[in-house]
Amino acid sequence: MTDRLMPPSHPFDFDAIDPDGDGDTLHEECGIFGVIGAADAANFVALGLHALQHRGQEAGGIVAHHPETGFNSARRFGYVRDNFTKQSLMETLPGPLAIGHVRYSTAGSKGQTAIRDVQPFFGEFSMGGAAIAHNGNITNADSLRRELIERGSIFQSSSDSECIIHLMARSLQRDIPARMEDALRRVEGAFSVVAMTRTKLIGVRDPLGVRPLVLGKLGGEDHGGWVLSSETCALDIIGAEYVREIEPGEMVVITAEHGVQSHHPFRPARPRFCIFEHVYFSRPDSIIGGRSVYETRRQIGVELAKEAPVEADLVCPVPDSGTPAAIGFSQESGIPYAMGIVRNQYMGRTFIEPTEQIRNMGVRLKLNVNRALIEGKRVILVDDSVVRGTTSRKIKEMILDAGAAEVHFRIASPPTAWPCFYGVDTPNREKLLAATMSEDEMRDHLGVDSLRFISLDGLYRAVGEAKGRNATQPQYCDACFSGEYPVVPADMIEKGFQMKAAE
Ligand code: SF4
């Protein structure tokens, strides 16, 4: 193993539009990627992780296996581009099989990741080693950890994902995929997993399929192989062909000799994919459920314009995630689309270690208003979500300072009133604006002329459910909007979290 401690290279995350660091942005917590059957698979994994960087910027790791040198790993703080592009590092990760992980911060040492919390995790078993990378959140991790520690397990990290390795160690099954099945049957919550042994690449999705995982194929004589990825955009970067999604509750075991073998180790359940992946987390150039994420977001804008029309002169996105919805709103309403707010793409490289004075400039560092466009205009601002509302207020002030006559917010998701326990970092419930205020109160709090959110039904229509949300059997996880959690968050309830009372 070639791990080496490195200090965080990006103590201040300029790539998120939450430069105050006050939790006013939702963060997907992980991206996972794996390759088998390609020369120097770790190089492909590094490129895949780079394409998944939006899912986690705090740290990344790669484990690779070579028949002669065995397992090697590298884990680093900071961006993939700053670490896993160095030849000297990549040469330590040889072999035709590799997996990788980028993280924001999972359950564990939130905001203060220790290198020991950076995945993939590795375990040595009697039948050989295995490494795993996990996207999601285990909702019964606290009780599992207590039980495992009582029985003698020694944890190396504070991550919920490490439970999987210890559960595998206790399994009596004779091969690693079977041990993994045993382990994952004990786990509750959301998990997409990419794992590897000396000869196998393994992919698993939880029975509800909350987090995404797709299968791809690498062609060509020199690097034929298989790929597992959180999103299709990361297949594109390495020239892999999209094959299909891993089904909810499916485990695929892939070998160079036999290709893809599919198992269904869990009791069948109705899928509940995370609807927020469509709104915000996934990249707009990814495909989910056969639908372009960009097109879904544009359609959200169309629905919003139908549900919440307003007389105005311009439709402007809050860049970048509000852009497709703003385009859809403009197309449906006939109100001209304009780049009224411009995002500075290069902040991250300009101020790696900002002074306090620069930090205090907050959102202005990242976004600037196009005054010549805005002055005297009635402006519709389209954003993906309102979390705590602090960024929305600052953006509204910037627009008014630039001379706008009116500011109307249109939000491409329903009010976020509940925290996510399935792998997305959300503030505590009391810090969510929509948990404590009505829509009118939020409008007054933000100080805008009008504020409207897309309805849950409108969002469901935009993702392709023509009849909207099925109230008794929702087609997606939408717990952060509805408070209806498809998996009981056992650990959080133990800590005092109160679920919504049944109606
Ligand atoms: S609670 Fe919200 S963010 Fe979390 S999985 Fe469900 S829909 Fe996605």
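Model, not experiment: these values are computed from the prediction. (Residues numbered from 1 in each chain as written. Predicted model: local features only at pLDDT ≥ 70, side-chain atom pairs only at ≥ 80, totals over all residues.)

**Q** I'd like to hear about the overall build of the protein chain, residue by residue, with values.
**A** Counting its regular elements, the protein chain contains 19 helices and 25 strands. Here the protein chain, with 503 residues, has 52% of them falling under the buried criterion. Sequence-distant contacts, at least 24 apart, represent 72% of the contacts inside the protein chain between residues at least 6 apart. (Helix = DSSP H or I, 4+ residues; strand = E, 2+ residues; numbered from the N terminus. Buried ≥ 20, exposed ≤ 12 C-beta atoms within 10 Å, placed from the backbone. Contact = placed C-beta atoms within 7 Å.)

**Q** Outline the pairing of strand E8 (residues 189-196), supporting the account with residue identities and numerical values.
**A** Here E8 lies mainly inside the structure; 8 of its 8 residues are buried. Examined bridge by bridge, strand E7 (residues 128-138) and E8 share 8 bridges and lie antiparallel to one another. Residue pairing for E8: Ile 132 is matched across the bridge by Ala 195. Pairing between E8 and strand E9 (residues 200-205): 5 bridges, direction antiparallel. Considered in E9, the bridge of Val 194 is made with Gly 203. What sits between the antiparallel neighbours E8 and E9 is a turn of 3 residues. (Pairing = 2+ DSSP bridges.)

**Q** Break down the site of the ligand for me, with residues and values.
**A** In the vicinity of the ligand, the contacting residues are Val 210, Cys 274, Ile 275, Phe 276, Cys 420, Tyr 422, Val 424, Cys 477, Asp 478, Ala 479 and Cys 480. Grouping the amino acids of the shell around the ligand by side-chain chemistry returns 10 nonpolar, no polar and 1 charged. (Near = placed C-beta within 6 Å. Nonpolar A, V, L, I, M, F, W, Y, C, P; charged D, E, K, R; others polar.)

**Q** Pulling in residues and values, what's your account of the pairing of strand E14 (residues 259-263)?
**A** Pairing geometry for strand E13 (residues 251-255) and E14, over 5 bridges, is antiparallel. Residue pairing in the sheet places Val 252 in a bridge with Ser 262 of E14. Here E13 folds back onto E14, and the loop between the two strands holds 3 residues.

**Q** Provide a residue-level description of the environment of Pro 317, including the pertinent values.
**A** The residue Pro 317 is located in strand E18 (residues 314-317) in this model. Residue classification places Pro 317 among the buried positions, given that 27 C-beta atoms sit within 10 Å. Ignoring sequence-local partners within four residues, the contact set of Pro 317 consists of Gly 322, Thr 323, Ala 326 and Val 382.

**Q** Explain the nonpolar core to me, using residue names and the numbers behind them.
**A** Residues Val 45 and Ala 98 are the most contacted members of the largest nonpolar core, which totals 143 residues. For this core, the two domains that each supply at least three residues are domain 1 (27-271) and domain 2 (296-464). In this view, Ala 98 contacts Gly 34, Val 35, Ala 41, Ala 42, Val 45, Ile 62, Val 63, Ala 64 and Leu 93; residues no more than four positions away in its chain are not counted. (Core = buried A, V, L, I, M, F, W, Y, C linked by C-beta atoms within 7 Å. Domains from an automatic or database assignment.)

**Q** Let's hear about the sheet that holds strand E21 (residues 378-383): which residues, and what values?
**A** Here 4 strands make up an open sheet; going across it, the order is E18-E21-E22-E24 and the pairing parallel. What marks the edges here is a single partner per strand, and that holds for E18 and strand E24 (450-453). The average angle at which neighbouring strand axes cross in this sheet is 20 degrees, direction not considered. Sheet topology places E21 next to strand E22 (residues 406-411); 6 bridges connect them, and they run parallel. Across the sheet, Val 379 pairs through a bridge with Val 407, a residue of E22. Sitting on the sheet, helix H10 (residues 323-333) touches E18, E21 and E22, and the angle it makes with E18 is about 165 degrees. (Axes fitted to C-alpha atoms, helices over the stretch in contact; angles between N-to-C directions.)

**Q** Go over the confidence of the model for the protein chain, please, and point to the residues and values.
**A** Considering every residue of the protein chain, the mean pLDDT works out to 90; 88% of them sit at 70 or more. Note on residues 106-110: pLDDT is under 50 here. Beyond four places in sequence and across chains, it has 19 contacts. (pLDDT = per-residue confidence, 0-100.)

**Q** Could you give an account of the sheet that holds E7, with specific residues and numbers?
**A** Within the open sheet, the 6 strands sit side by side as E6-E7-E8-E9-E13-E14. Their pairing is antiparallel. Only two strands of the sheet have a single neighbouring strand rather than two, namely strand E6 (121-125) and E14. Recorded for the sheet is a direction-independent mean angle of 20 degrees between the axes of neighbouring strands. Along the sheet face, helix H5 (residues 162-170) touches E6 and E7 and points at about 10 degrees away from the line of E6.

**Q** Account for the packing of H5 against helix H6 (residues 176-186), with residues named and values stated.
**A** For the pair H5 and H6, the least separation of the axes is 8 Å and the interaxial angle reads 125 degrees. Classed by the angle they form, the pair H5 and H6 counts as oblique. Classified by chirality, the crossing of H6 by H5 is right-handed. For the pair formed by H5 and H6, the contact residues are Ile 164, Leu 167 and Met 168 on the first element and Arg 179, Met 180, Asp 182, Ala 183, Leu 184 and Arg 186 on the second. In terms of residue class, the contact of H5 with H6 is built from 6 nonpolar, no polar and 3 charged. (Parallel < 35°, antiparallel > 145°, perpendicular 65-115°, else oblique. Left-handed = near helix turned anticlockwise from the far one by under 90°.)

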